[in-house]
Structure formats: structure tokens, C-alpha cells
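Each chain is listed here by its residues.
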Amino acid sequence: NTLNSLSTLVMRSQPEEAEKMILNLSKFYRTSLSGDPLEDVPLHEEVHLQRLYLDIESVRFPNRLRSKVAIPSDLENILVPGLILQPLVENAIKHGVSHSKKPVTISISATANEDSLKLTVADNGDAGKTATDGEKNTGIGLANVRDRLETRFGREASVKVIRSEKGGFVVELTMPLLVDNQP
């Protein structure tokens, strides 16, 4: 899809947009492929990768995709499993943005208490297009996120999927608060 969007930009003689997309795609792949998915990364790196991905997807959906990121500065260096948000953002694009005719906002946020971190990915797209947590078909991406958190943290982590009454879905990941002690 991304390469098709890039091709369209080239064919429409939009070189600045094509160049920006190529650079973002290059950064996204370089970052996502260079990291070990089994290692923890600072939250700011995980969020940066998702911003790159959202920038790439905004070329596909220029009038429909909006994004909002709310990460408190004191949580930016908290460690999280690498690429843990990627499947959630992809699902929000696939099920929220691509099926909607109106603009959809994808929000990424984080909150914490003394010992746990809550990461949230939410969209306000068409709620009728995606399976809920209780349904059998929750998808590979969500199942992988659940499995990764369970393998890494056991019962200390959870995934909660909420169908919003206003439309869209909210996915909340709760996991232990891991502080990066490196300088």
C-alpha cells in the first residue's frame, strides 16, 4: 500500500511529497529492522517509530487520518517491548481509517502509577468494522501483542479492548513500569 501511494505521488508529479515519504519510509524500516524485537526500548523511541508510520500512512489518507500523541515527558525513558504499539496503530488504520469516509483521529497516550504503565491506542473510526475483545476473530496483531506481553510479563500485563460508544476502539496495554537506569 505504501509503495502504491509512493508511485501515485511520482505519477502525479509531487516530488516533494514523494521525497518526504521515501525518507520517512527509509527511517521507519531502518529503525524497525535494526532493533531486536525481544529487547525493550525507551518509550520515546517506540512513539517516534509510530509517528513515522503515521506520517507515511497520512499520504495514503491525507483527508482522513489525524494523529495525536500524549506522552508525559517523565515517561519518555520508560522501557517498553520494541514494536509493541505497531500492530495496534496498524489495526487503527486498517479498521478505523480505511473504512471511514470522515476524518479519523488515532491517539497514542501513556499514563503511569507507582508500578505500572498504561499505553493506549485509540481511534474514533467506524466501530462496526472491527471485532471486539470477546469475539473469536480479534486478529493476528492483537493476539501477537497479547502473547508478547504475557511471555514478557506474565500476569503483570494485560490487554483490554474497548468499543467506544462514540465510535472506534480503544486498546489499553498495562505492564510493569520499567525504568531505564542507563545514563
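Structure: above.
Residues numbered from 1 in each chain as written. Predicted model: local features only at pLDDT ≥ 70, side-chain atom pairs only at ≥ 80, totals over all residues. Heavy atoms only, no water.

Undergrad: Help me get a handle on the overall build of the protein chain, residues and values and all.
TA: If you tally the helices and strands in the protein chain, you get five helices and eight strands. In sequence order, the protein chain lays out its α and β elements as α-α-β-α-β-β-α-β-β-α-β-β-β. Taken across its 183 residues, the protein chain has 42% of its residues classed as buried. Counting contacts in the protein chain only where the partners sit at least 6 residues apart, residues at least 24 apart contribute 70% of the total. Summing over all exposed atoms, the protein chain offers an accessible surface of approximately 10,700 Å²; the carbon and sulfur share of this is 49%. (Helix = DSSP H or I, 4+ residues; strand = E, 2+ residues; numbered from the N terminus. Buried < 20%, exposed > 50% of the residue type's maximum accessible area, 1.4 Å probe, protein only. Contact = heavy atoms within 4.5 Å. Areas by Shrake-Rupley, 256 points an atom, 1.4 Å probe, with all protein chains shown as cover.)

Undergrad: With reference to specific residues and values, describe the pairing of strand β4 (residues 104-112).
TA: Of the pairings in the sheet, the one linking strand β2 (residues 65-70) to β4 comprises six bridges and is parallel in character. Looking at β4, one finds that Leu65 is bridged to Val104. Pairing geometry for β4 and strand β5 (residues 116-123), over seven bridges, is antiparallel. Across the sheet, Ser109 pairs through a bridge with Thr120, a residue of β5. Two successive antiparallel strands, β4 and β5, enclose a turn made up of three residues. (Pairing = 2+ DSSP bridges.)

Undergrad: Quick rundown of the pattern of salt bridges? Include the residues and the values.
TA: Taken as a whole, this structure holds three salt bridges when the rule is applied. Residues Arg60 and Glu57 are paired through a salt bridge, measuring 2.7 Å at the closest nitrogen-oxygen approach. Placement of both Arg60 and Glu57 in helix α3 (residues 43-60) is noted, with a separation of three residues, approximately one turn of the helix. Classification of Arg60 as partly exposed rests on a relative accessible area of 26%. Taking the relative accessible area as the measure of exposure, Glu57 reaches 2% and is therefore buried. Note that Glu172 and Lys118 form a salt bridge whose closest N and O atoms lie 3.8 Å from each other. Taken as a pair, Glu172 in strand β7 (residues 169-176) and Lys118 in strand β5 lie far apart in primary sequence, 54 residues in all. Taking the relative accessible area as the measure of exposure, Glu172 reaches 17% and is therefore buried. (Salt bridge = Lys/Arg side-chain N within 4 Å of Asp/Glu carboxyl O.)

Undergrad: Could you give me a rundown of the nonpolar core, with the residues and numbers involved?
TA: Core analysis: the largest hydrophobic core is formed by 45 residues, its most contacted members being Leu85, Leu119, Leu149, Leu173 and Met175. A per-element tally of this core places α3 first, with seven residues. Not counting residues within four places of it along the chain, the set of residues in contact with Leu119 comprises Leu43, Val80, Ile84, Leu85, Ser109, Ala110, Val171, Glu172, Leu173 and Met175. (Core = buried A, V, L, I, M, F, W, Y, C linked by side-chain atoms within 4.5 Å.)

Undergrad: Please set out the side chain of Glu46 residue by residue, giving values where relevant.
TA: Assignment of secondary structure puts Glu46 in helix α3. Buried charged residue Glu46 carries no salt bridge. Nearest counter-charge: Arg148, at 6.7 Å. A distance of 2.8 Å separates a polar atom in the side chain of Glu46 from the backbone nitrogen of Leu83. In this structure Glu46 touches Val41, Val80, Pro81, Gly82, Leu83, Ile84, Leu85 and Gln86, once residues within four positions along its chain are discounted. (Lys, Arg positive; Asp, Glu negative; His and termini not counted. Polar contact = N/O pair within 3.5 Å; in protein donor to acceptor, adjacent residues only side chain to side chain.)

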